[in-house]
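Structural characterization, general
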Amino acid sequence: MVISVNIDKFTVMKTLVDQGSFVDILYWKTFKQIRIAEKEMKSYDDHVVSFSGQRVGTQGHIELYTTFDEGEASKTTKIRYLVIYVNTSYNILLG
């Protein structure tokens, strides 16, 4: 099953769906690539725990309309993403 994920008119490849995660993450490099103004991001002062068990600070959070397309079917929903600066091969993590 192939699902296409689109955020703000940009198709996002390399999406990790982790049903064990309690947060949705937009990685900093992806945030910059889809050209969202930093002023759109709101502050968020808490940390998240990475896959390696380390606590990682956030750059902030942002709510973005995200569209999921699967063949003929599609669904758009507003998702609150935590924006974090971590080197990873993924662009977003959906919990």
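Let me begin by describing the structure that accompanies this report.

Rules and cut-offs
- Residues numbered from 1 in each chain as written.
- Predicted model: local features only at pLDDT ≥ 70, side-chain atom pairs only at ≥ 80, totals over all residues.
- Heavy atoms only, no water.
- Helix = DSSP H or I, 4+ residues; strand = E, 2+ residues; numbered from the N terminus.
- Rg over C-alpha atoms; globule rule 2.2 N^0.38 Å.
- Buried < 20%, exposed > 50% of the residue type's maximum accessible area, 1.4 Å probe, protein only.
- Contact = heavy atoms within 4.5 Å.
- Salt bridge = Lys/Arg side-chain N within 4 Å of Asp/Glu carboxyl O.
- Core = buried A, V, L, I, M, F, W, Y, C linked by side-chain atoms within 4.5 Å.

Describing the overall build of the chain
Along the backbone of the chain there are one helix and eight strands. Against the 2.2 N^0.38 benchmark of 12 Å for 95 residues, the chain shows a C-alpha radius of gyration of 13 Å, consistent with a compact globule. Along the first, second and third principal axes, the C-alpha set of the chain runs to 40 × 30 × 20 Å. Looking at the chain residue by residue over its 95 residues, the buried ones come to 36%. Looking at the chain alone, contacts between residues at least 24 apart form 62% of all its contacts between residues at least 6 apart.

So, the pattern of salt bridges
What the rule picks out here adds up to three salt bridges. One salt-bridge network, in which partners are shared between bridges, spans Glu63, Lys78 and Arg80.

Observations concerning the nonpolar core
With 16 residues, the main nonpolar core has Leu26, Phe31, Ile62, Tyr81 and Ile92 as its most contacted residues. In contact with isoleucine 92, not counting residues within four places along its chain, are Val5, Ile7, Val12, Lys14, Thr15, Leu16, Ile25, Leu26, Tyr27 and Tyr81. Among the nonpolar cores identified, the runner-up in size contains eight residues, and Leu16, Ile25, Leu82 and Leu93 belong to it.

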